[in-house]
Every structure is written in C-alpha cells, then in structure tokens.
Amino acid sequence: MGVFEILQIIIPSAIFFAAPLIFTALGGVFSERSGVVNIGLEGLMVIGAFTGVVFNLTFAEQFGELTPWLALLVAMIVGAVFSLLHAVASISFRADQVVSGVAINFLAIGLSLFLVKKIYGKGQTDQIQVGFDKIDIPVLSDIPIIGPLLFENGYVPSYIAIALAFVVWYVIFKTPFGLRLRSVGEHPMAADTMGINVARMRYIAVMLSGALAGIGGAVYATIISRDFSHATISGHGFMALAAMIFGKWHPLGAMGAALFFGFAQSLSIVGQTIPFLKEVPTVYLLIAPYVLTILALTGFIGRADAPKALGTPYIKGKR
Amino acid sequence: MNSGRLTNFLIPLLAVLLGMIAGSIVMVVSGYDPIAGYSALLYGAFGDSYYIGETIRQMTPYILSGLAVAFAFRTGLFNIGVEGQLIVGWLAAVWVGVAFELPKFIHLPLAILAAALAGALWALIPGFLKARFKVHEVIVTIMMNYIALHVTNAIIRSVLSDKGYKSEEIHESASLRSEFLQSITDYSTLHYGIVIALIAAVIMWFLLEKTTKGYELRAVGFNQHASHYAGMNVSNNIVLAMVISGAFAGVAGAMEGLGTFANISVKAGFTGVGFDGIAVALLGGNNAFGIILSALLFGALKVGALEMPSSAGVPTELVDIVIALIIFFVASSYLIRLLLTRVKKEGK
C-alpha cells in the first residue's frame, strides 16, 4: 500500500470525524470569549443529536432530500434554547458556571433518553434513512494530489464547518460585535463602563454556543452514528472543549485542533487497515487528544491563556 | 447568624423539593401519573429489606465520591476527575485482588490501599500542574477522566484478561461481600463497604475541622493570597488536597471492585458515580454529615428508579432529570436566597 493510498483513507476520514468537533468548538469559542465557561457543550451536543435524529425520522417522508438540512436548523434552535438554562443560571443567578454546565450535561442525557423511551418505547431510535450526500467540490477537486484528498467525496457540512471557522474568526476579531464580546470576557467592568451590556453580550454568546453545539451534535448523529442512544455522544463535547483550549480560544486554532483530533480518531478506527499503524496499540491514539491538551495547557506547546474574566459572574458595582 | 444557618439548611431542602416538583411536571406533561411514579420510586428504594439493602449499597460509592468532590471544593478546587480516579482505583483494587493470595486481614486492606493510592496518583497530576504551572484543574481532570477510561480498558484487555472484556473474579480474601449482610437483606448485593464509607466520612470531618493541616487547607480554599501571606505553602496544600480527594475517589472505586462487582470489565462509557459525586457534594453542603444524607437521597433515587418502569411505566431517566434539576437549584442558590429574603420581608 503506497503513501498516497494511505493518505486517501486517512485524510477524508479525519475531515469526516472533525466536522462535529469544529462546529461545537466554535460554539465554545463564543461562550468562553465572553467569559462564560461552558462544560455543558457535551450536553448541548446530546440535545442536538437527539433533535436531529428525531426530526429526521419524523419528517423524512414530507421533506425528502431537504430533511437533514431542516434537522440541522431545528437542532440549532433547540440547542440555543436549551443553552438558555445555562445562561440564566450562570449569568443571572450567579451559579458556579462549571456546576451549571455539569447540570446541563445530566439534564440533556436524562431528558433525551426519557423522550426516546416515551416516543419509541425503547432505549434507542431507529436508523435514519435520509442523510447528506457526498459531493466533489467543482474546480478544487481537479487540483492534482490535493484535490482528491481534500475536495472529493466529502460531506457538505464538513466544508461548511471549515468555512464557518473563518467566518467566526472574522466576527470575533474584525467586527464591533466581536470586540465587545472579547472585552466582556477580559474585563467586564471596563466594558460596562463603556456602555456595553455585559449580561446581554454573555446571553448572546452562550446561546450562540448552544446553537453551534446543537448543529455539531446533529451533524454527528446524521453523518456518523445515524441513530440516537445513550452512547451516541460520548465525550465528543469534551473533545470539542479540548480542541477549543488546544486552539488557544482562537476560532482557526480550534478548527486546526479539531481537525487534528479528528485525525487521531480516524487513525484509531482505520489504523487497523494500514500496515505500520497496525503495530501501534489503539489506546495511544485514543488518549492522544487528551494528553496533547494537557501538554498544551501546561505550556509545552506554546502558552495558552484563557480570557481573564472566564468563570466569574459579573456583579454590577462589585470591585 | 441563626437565620444564616437556617438558610443554609433550607436551600438543599428547597432544591430537592423544587426538583421533585419539576419532575412531577415532566411526568404530567408526558402523560404519566406522578403519584404512581413517585410511589414506585419510594417502594423501589425502601419498600422491603432487599430494596433497602440495594439503596445502602448504591449509597456507599456515592458517599466516597461525594467526599472526594467536597474535599477538593473545601480547598477551593473543583475535582471533576473523580470519575477517572474512581476507575483507576477500581482497576488497582481488582488487580491486587486477583494477583495475590494473602490472609484476609492483609489482603483486603492492601487492595483498598492500592485503590486509594491509584486514585491519589491520578489526582496528583492535575494537582501538580495547578500548583506548578497554574493550569486550571477542571480541564486537566476532565482530560484525565478519558485517559483513565481508555488506559484502564487497554489494561483489562491486555493484562487482566487474554483479550477478553473482563478480569477474573477477585479472591475471596480481598472481597467485601458478606453472607450476613446479604442474608438480612433478602440477598441484595449489600456489602461491608458502607462501614468503610462511613469511616471515611468521619476521617474527612476530623481532617478538615480538627487538625492544623485541615485548617490550612480550608484557609487556602478561602483566600490563597492571605494564606500565602500568613506563611502557608499554597502550592503544597493544593497538591495535598487533590491527592487526598483522589484517594477518596480511589476507595469509591474499590467499593465497586471489591464489593459490588468483584471484578472489572471493559467500559464503553463512564460509570457516572464520579459525576454524581458532584451532585452529592453540592447538595450535602460539602460537609461530611450532609454528604451522608445526600448520598442516601441519591442512592435511593437511583435504586428506586429501577422500579418505576415496571410498576408505573415511567422511564428510569426521569430520576436523572430530577437530579440535574436539583443541581441547578442548588447552584442557583442566589435565586433561592432572593426568594427567601423576599418571603421574610413580606412576613414582617
């Protein structure tokens, strides 16, 4: 097996596994840049995956080919609404943001499984029938070598995820909205003095993170698992959180890290078919994203600094 | 002063009450009978001696994981890694239980000690990174959970079995199981672990409230700068707090490994006991006695839930929803405090 064939197996599957992580990690960037820790990404992905699959199963006949796209839209909305709980608790009621995130995770898995049992009478949904189509991107896929590797036979959401990373980068670093968002996360009192509504900015940021994590979960469920059960989302939200930190709270960094983690995931799955990788025990590939994140935080891979006001509720008038 | 103490006592009670009410609303909305649901829950938790045995058995690891979370909390640390420390503790306990053959009075303590040590070591890493590099312990402990899960699975597959999915059963000499406790509870899985858990709660109380070291740990939790100024070594105290917390978590794993299951099998996901420990600690006000009570509540909820599908048709997950909401309400205690002061003012 030549190098090119190996790359042809690994790279498309890395992008395939990375897409949900990219969406969710970008959501995490919004929330944490505004100063709200979001451990609840995992739960928000669960809700997204649940909504995506249930919508798909229920409306596949009416909407046909459009179903998965509408499912993404609905998952986005439900994710945003669900994240309101986290926003209300951690912004208005000054709850510990980590605790509230933990509660989101509990609630998401409990509620979605409760509803699955209520609706389908068993612990797992059926397989969805309508998924996304694979496409070749015109022009780009004609480039020799890179074309077939990156732009052939991919799912549209994967490309949207990558494009979105650039959009989020533009929004956060080049627009007034982004400047306000970052200032609220770095020094909320200064931002407040300048007339920025801290609570409002944080609400928007947390809901954006819910919306994006909802999409991430729905993309995962539609493309990768194709059904919903208790084990559908198992740690992907936390991996997205890791990607966001590994990417130093930067949208493009988060995307790069998510692609890398997707790469590690795909190696642990397709690695068995590749000659020299067969010798490497899968456990190393499974733990790689987590070990790397710890190393990144420790400063071995460049220093990663969190937004200054991360994790602290803003109480007006308190020094 | 008195009213403050009363509020501290009222908040968890109100949180539980609100959680239960929200749970019954969920049941009504989804077409179930909440009275039937909760009676099934109550029966399934305390209805006869078998159920009581199961509830106490479930309560055992909850006390320990709650203590682990609370111990870190009291020192100003958030140990989300209890789950991972519990898994490595479970592994270590079973490993010692399978590998050696010793008299019971050496073997059993050795297995529990191994679990405590494994959990402590697993918590040492985030503790050290926090103290030395100022890395936030929440993220590191989350990552350590996944590393624990995958590494433990790999060890079960390669070392503790021949590419199988579970280890051998531990030797009788390392077991916490008790014929006597099983016979008085109609052959439930109750084991002697509960005694160890209660002793651990006393140890935690004594350590934190009655020793100089405990005072230092709490001081660091309240205000790092003041403690540093008073001549305490903040870094050492952070590492120590994580290590002790991890040791409690490891022993929680030993309860599962030496008592409930008597082996360890490959896990597709987390046990959840470590994460539930966060709820137990929060509701128990991070205090040893409160934790015993809240562990009893969560143990009863979890065990009682198993009775709900058969007698009331309600999915067991309802209990997870209730637990999540209880956490929300405890965490948002600002809201409850606000309501309480409002009620008091109107009363006057």
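Residues numbered from 1 in each chain as written. Chains lettered and ligands numbered in written order. Predicted model: local features only at pLDDT ≥ 70, side-chain atom pairs only at ≥ 80, totals over all residues.

### A look at the overall build of chain A
Defined as follows: Starting at the N terminus, helices and strands are each numbered in turn, a helix being any DSSP run of H or I of at least four residues and a strand any DSSP run of E of at least two. To get the radius of gyration, use the C-alpha atoms; to get the globule rule, take the number of residues to the power 0.38 and multiply by 2.2 Å. A residue is called partly exposed when the number of other C-beta atoms within 10 Å of its own lies between 12 and 20, exposed at 12 or fewer, and buried at 20 or more, with C-beta atoms placed from the backbone.
Broken down by element type, chain A carries 12 helices and two strands. Overall, chain A shows an N-to-C arrangement of helices and strands of α-α-α-α-β-α-β-α-α-α-α-α-α-α. Computed over the C-alpha atoms, the radius of gyration of chain A is 20 Å, within 12% of the 20 Å expected from 2.2 N^0.38 for a compact globule of 319 residues. Viewed in the frame of its principal axes, chain A has a C-alpha envelope of about 65 × 50 × 40 Å. Counting only residues that meet the buried cut, chain A has 52% of its 319 residues in that class.

### Looking at the overall build of chain B
Tallying secondary structure elements over chain B gives 16 helices and zero strands in all. Taking 348 residues into account, the globule formula puts the C-alpha radius of gyration at 20 Å, and chain B, at 21 Å, falls close to it. Taken along its principal axes, the extent of the C-alpha atoms in chain B is 70 × 60 × 35 Å.

### Description of the interface of chain B and chain A
Note the following rule: Contact criterion: two residues are in contact if their C-beta atoms, reconstructed from the backbone, are within 7 Å. Each residue is assigned to one of three groups, with Ala, Val, Leu, Ile, Met, Phe, Trp, Tyr, Cys and Pro labelled nonpolar, Asp, Glu, Lys and Arg labelled charged, and all others, Gly among them, labelled polar.
Opposite the 34 residues of chain B that make contact, chain A presents 36 residues. Broken down by secondary-structure element, the contributors of at least two residues to the side of chain B that touches chain A are helix H5 (104–133), helix H6 (137–160), helix H12 (273–283), helix H15 (317–331) and helix H16 (333–347) of chain B. A class-by-class count of the residues in the side of chain B that touches chain A yields 28 nonpolar, four polar and two charged.

### A word on the packing of helix H4 (residues 82–99) of chain B against H6 of chain B
Residues and elements named next belong to chain B. Quick reminder of the rule: Note on definitions: angles span 0 to 180 degrees between N-to-C directions of axes, and those axes are lines fitted to C-alpha atoms, for helices only across the stretch in contact. Convention used here: angles under 35 degrees read as roughly parallel, angles over 145 as roughly antiparallel, angles from 65 to 115 as roughly perpendicular, and any remaining angle as oblique. Definitions for this section: a left-handed crossing has its near helix turned counterclockwise from the far helix by less than a right angle. A right-handed crossing has that turn clockwise.
One can describe the packing of H4 onto H6 by two numbers: an axis separation of 7 Å at closest approach and a directional angle of 20°. Taken together, the axis directions place H4 and H6 in an arrangement best described as roughly parallel. Where H4 crosses over H6, the handedness of that crossing is left-handed. Contacts between H4 and H6 involve Glu83, Gly84, Ile87, Val88, Leu91, Trp95 and Val98 from the first element and Met144, Asn145, Ala148, Leu149, Thr152, Ile155 and Leu160 from the second. Counted by class, the contact of H4 with H6 contains 10 nonpolar, three polar and one charged residues.

### Quick notes on helix H1 (residues 3–33) of chain A
Stated precisely, the cut-off is as follows: We define the bend at any residue as the angle between the axes fitted to the seven residues before and including it, ending there, and the seven starting there.
Most pronounced at alanine 18 of chain A, the bend in H1 of chain A amounts to some 40°, and the proline proline 20 of chain A follows within four residues. Backbone geometry just downstream of H1 of chain A places glycine 35 of chain A in the positive-phi region, at approximately 95°.

### A closer look at the packing of helix H12 (residues 282–298) of chain A against H6 of chain B
Relative to each other, H12 of chain A and H6 of chain B sit at 160°, their axes nearing to 9 Å. Judged by the inter-axis angle, H12 of chain A sits roughly antiparallel to H6 of chain B. Regarding H12 of chain A and H6 of chain B, the two cross each other, and that crossing is left-handed. In contact with Val283, Leu286, Ile287, Tyr290, Val291, Thr293, Ile294 and Leu297 of chain A of H12 of chain A, H6 of chain B contributes Ile139, Val140, Met143, Tyr146, Ile147, His150, Val151 and Ala154 of chain B. Tallied by class, residues from the contact of H12 of chain A with H6 of chain B come to 14 nonpolar, two polar and no charged.

### Considerations on the confidence of the model for chain B
Residues and elements named next belong to chain B. Here is the rule we go by: Across the chain, each position has a pLDDT score giving the predictor's confidence in that residue, from 0 to 100.
Averaged over chain B, the pLDDT score is 91; the fraction of residues at 70 or greater is 98%. H4 holds the highest mean pLDDT among the elements of chain B, 96, whereas H16 holds the lowest, 75. Confidence metrics for the complex model read pTM 0.90 and ipTM 0.87.

### A few points about H12 of chain A
Definition in use: For a helix, the expected span equals 1.5 Å multiplied by the residue count minus one.
Taking 1.5 Å of rise per residue, 17 residues should cover 24 Å, and H12 of chain A covers 25 Å from first to last C-alpha, within 8% of that figure. Of all the bends in H12 of chain A, the largest measures some 45° and sits at alanine 288 of chain A, one to four residues before the proline proline 289 of chain A. Inspection of H12 of chain A places Leu286, Ile287, Pro289, Tyr290, Thr293, Ile294, Ala296 and Leu297 of chain A among the buried residues, and these make up the whole buried set. Here the buried face of H12 of chain A lies against helix H10 (236–246) and helix H11 (251–270) of chain A together with H6 of chain B.

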